[in-house]
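Descriptive analysis of the structure
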Amino acid sequence: MQAILSQEFGYFILLGIGIAMAIIIMILVKAETKWLGTRKTFEWFSTAGRNVKSGLIASSVVSAWTWAATLLQSSTVTYEFGIGGLFWYAAGASIQVVLFAILVIELKRKAPSSHTFPELISARFGFKAHKVFLFFGLITNIIITTMLILGGAAVVNALTGVNITVAAFLIPIGVIIYTIFGGLKATFFADYLNTAFIFCIVLIFVFAIYFINPQIGGIEGMYKKLTDISLINPVEGNSHGSYLTLASIGALSFGIINIVGNFGSVFTDQAYWQRAIASRPKSAIRGFLIGGLVWFAIPFTLATSLGLAAISMGISLTPQEVNYGLVAPSAASALLGDIGAILILTAVFTAVTSAGSAQLIAVSSLTTYDIYRAYIKPSASGRELIRISRLAIIGFGGIIGILALLLFPLGVSLGYMYLTMGIIIGPSVIPITIALIWKKTNKNAIIIGSMLGLVFGITTWLLVAYTYYGEISINSTKEYIPLLFGNIVSISSGGIISVVISLLKPENFNFNIMKQKIFVTDQKIREIIEQDNDENFLKKNARFTYKFAIFFTFSLVIIWPLPLYISGYVFSLNVFTLWIYIAIIWAAGSAITMIMLPIIESRGGIIEVLRKVTTIHNQNISDRSSNTEDKYTPEHHNIKKILVAIDGSFKSIKSLKYLEYLFENNTNVKIFLVHIIEWIEQDEEILDYELIEQMEHNGRKILKSIIIDNRYRCERIVKLGDPGNKIIDLAEKLDVDLIVMGSKGLGQTEQEIGSVAKKVLKSTTKPIIFL
């Protein structure tokens, strides 16, 4: 495939878009921590505070599940098998996300304090089982991230001519930057932007192809072209050789491989467990159920557009180009020229970076919690853990780039990795599931089942490849028959062995033990977990989740396709038209949901940030007087709430005594005693909870030592951060009528007014008394 965009544009995408996205994400994270009072502890870094709402969870699930393969491989199997291929790609990868909601609610019931899925395995079965499933978790992240890099680099190279080696190394740069800075919350922001962007791209392509572009001739033109091509070049294994049927042996074989492989890539991927952990039970369930429904629209609609367009236009590609996933880029550039190439290139790049961010933070969590804290230094502080986490992000990003370079010369492509991953990670799916939902699960059963399943799966795959094709090579092992047998044996043998041994030697595990073994040090997080520990509420949600997930799965993989497959039905024009409109409506509804729901749920925080930004802007352009006497004249105000800043200095104590004298005849006053522990901005980012608790404890001791006349109502507040900014923020938040503080604090200064007092005087709109 000849490059149609310049190398300069390719580097602009790799570096310009990547770094620009990193800057945007860093600004959003900074806005949350600066203006919404979010505290950057390690617990926040790895779990986003465990309070993420359902809209953001759903968009994050969609983005994490939208790999390069979603945008590329979906059109590839459509190019090979027609409508059957695109259906089984979308259906075969949607049900796992919805079914994972079952594990989400069980996680919230039985191990709500966990940080990773190997951690809960360790809490139940010990370190031997922990090591086995840590292996499966890490190998899953390696396979998925390698696929992302392979697909992304191949598309950048094909469309712009940028060296594929250089592209493989440059793709992770922006992702590493914002993931290091903002942790899991940064990935949520990136996921939202990526999901919104990809849905816009999908809608542009579907409308351009079916309603604008004259080469296709609309829905009727597409139908006629596909019908004619089916007669000229019939698809082997499809009903009547048609591209317009779900009755396709090849598509069904791919569908089975797709279903098996994607169970592994969801159930053993820490990225999805992390999203479940980051939210409260109701938000987590809704997020995964909505995410599965919404994600279906992306490959379904995009492949209905670009995949079918590639067939109808007779685009010719070599087997290697098809395997690298270049069907969609070829169709996009052929239909819309440079604009189409730019759109698909940007979509693939943002999908790779966003999903890559999810993988980076997943690996950092596994490294930190399941390697460093579990085996190297169990007593590690939050600062140490965040340092290890960031080193893991940098190291993994570099290692994956190198691994991708080693695989390119061997002919290992995106398609090959996608189809083989189920053989490697599938054996652990059923063992992980029964470990969380079945009290009789035996420890040795899941270890033996997972390892033997891996051995049986790989052996079957290679043996069938040799039997059918006479050799074991990349070419023979990428064929559908060996892959089909390998995937089925892998997941089924792992599950059967685990269940049978557990039935023969059942345990009787008390899941409450897991709650006791996994502990969270952050008091605020513990309070959130305790609030959500209503067993009746969780059981009610569990029943709904089981019913919905099973019904959705049964409908999507049995009720919808089975009659069309058995009957050998070939679509008429009317049915094909209905299919197109289903795709458009599903995509449009999903786009509206994913763009609007997170905004609606976060409107309070958005309004608060905008209000503070506006206030700061207005304060900066207003000409304030520095005369303190103009700030406040007591007799002209009806004072009800007063903020008194206490830092332990003589002047701050004196200001409090003066206040009592000034309002001795007005006891209808509430006093807020505020002590701010100064902490510079860069260190706040790596603050651990133990240190916070100790510092706040000392601050509370200072405030408790101050005696207030019992005629006044009093509230004592301790905060951490920049003293001036915190005083200003609290004055606004508490809506006080007056600020009272010392003109100078504990710091040595010869000036009449200290730096904190100057900042408050300059920026607040509240009356101030300085002593």
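Read on for a plain summary of the structure. (Residues numbered from 1 in each chain as written. Predicted model: local features only at pLDDT ≥ 70, side-chain atom pairs only at ≥ 80, totals over all residues. Heavy atoms only, no water.)

Here we look at the packing of aromatic side chains
If you walk through the whole model with that rule in mind, you get 35 aromatic pairs. Judged by centre distance (6.3 Å) and plane angle (50 degrees), the ring pair of Phe 211 and Tyr 581 falls under tilted. Here the residue Phe 211 occupies a position in helix H9 (residues 172-212), and Tyr 581 occupies one in helix H27 (residues 573-601), the gap between them amounting to 370 residues. Judged by relative accessible area, Phe 211 falls into the partly exposed class, the value being 39%. Tyr 581 sits in the partly exposed class, given a relative accessible area of 38%. With centroids separated by 6.2 Å and ring planes inclined at 40 degrees, the aromatic side chains of Tyr 468 and Tyr 469 adopt a geometry described as tilted. Following the ring pairs from residue to residue traces out a cluster consisting of Phe 87, Trp 88, Phe 296, Phe 300, Trp 560, Tyr 569, Phe 571, Trp 579 and Trp 586. A cation over an aromatic ring shows up here: Lys 110 above the ring of Phe 511, its NZ or CZ 4.3 Å from the ring centre. (Phe/Tyr/Trp six-rings, centres within 6.5 Å; stacked < 30°, edge-to-face > 60°. Helix = DSSP H or I, 4+ residues; strand = E, 2+ residues; numbered from the N terminus. Buried < 20%, exposed > 50% of the residue type's maximum accessible area, 1.4 Å probe, protein only. Lys NZ or Arg CZ within 6 Å of the ring centre and 35° of its normal.)

Thoughts on the sheet that holds strand S4 (residues 738-741)
Spatially, the 5 strands line up as an open sheet ordered S3-S2-S1-S4-S5, and their pairing is parallel. Sheet topology places strand S3 (713-721) and strand S5 (768-770) at the edges, where each strand pairs with a single neighbour. Taking the axes of each pair of neighbouring strands and ignoring which way they run, one obtains an average angle of 20 degrees across the sheet. In terms of strand pairing, strand S1 (residues 641-645) meets strand S2 (residues 670-678) through 5 bridges, oriented parallel. Bridge pairing in S2 links Lys 641 to Lys 670. (Pairing = 2+ DSSP bridges. Axes fitted to C-alpha atoms, helices over the stretch in contact; angles between N-to-C directions.)

Details of the side chain of His 130
Its location among the elements puts His 130 in helix H7 (residues 127-160). Since its relative accessible area comes to 1%, His 130 is described here as buried. For His 130, the residues in contact, after removing those within four places along its chain, are Pro 118, Glu 119, Ile 121, Ser 122, Asp 370, Ala 374 and Tyr 375. (Contact = heavy atoms within 4.5 Å.)

Some points on the pairing of S1
Within a regular beta strand, the side chains point alternately toward one face of the sheet and then the other, so they alternate between its two faces. Burial of S1 is extensive: 4 of the 5 residues sit out of reach of the surface. As judged from the 3 bridges shared by S1 and S4, these two strands associate in the parallel manner. Each residue of the ladder has a partner; that of Val 644, found in S4, is Val 740.

Some remarks on unusual backbone geometry
In the Ramachandran plot, His 240 falls in the positive-phi region, its phi being about 55 degrees despite a non-glycine side chain. For His 240, a relative accessible area of 71% gives the class exposed.

Overview of the environment of Ala 186
The residue Ala 186 is located in helix H9 in this model. In this structure Ala 186 comes out as buried when scored by relative accessible area, which is 0%. Separated by 219 residues in the primary sequence, Ala 186 and Leu 405 have C-alpha atoms spaced 28 Å apart. Filtering out sequence-adjacent residues up to four positions away, Ala 186 remains in contact with Ile 25, Val 29 and Tyr 178.

Focus: the pattern of salt bridges
Throughout the structure, instances matching the rule amount to 10 salt bridges. For Arg 275, the salt bridge identified is with Asp 191, shortest N-O distance 3.0 Å. With Arg 275 in helix H12 (residues 270-277) and Asp 191 in helix H9, this residue pair connects regions lying 84 residues apart in the sequence. What makes Asp 191 buried here is its relative accessible area of 0%. Overlapping salt bridges bring together Glu 106, Arg 109, Lys 110 and Glu 535 as one network. (Salt bridge = Lys/Arg side-chain N within 4 Å of Asp/Glu carboxyl O.)

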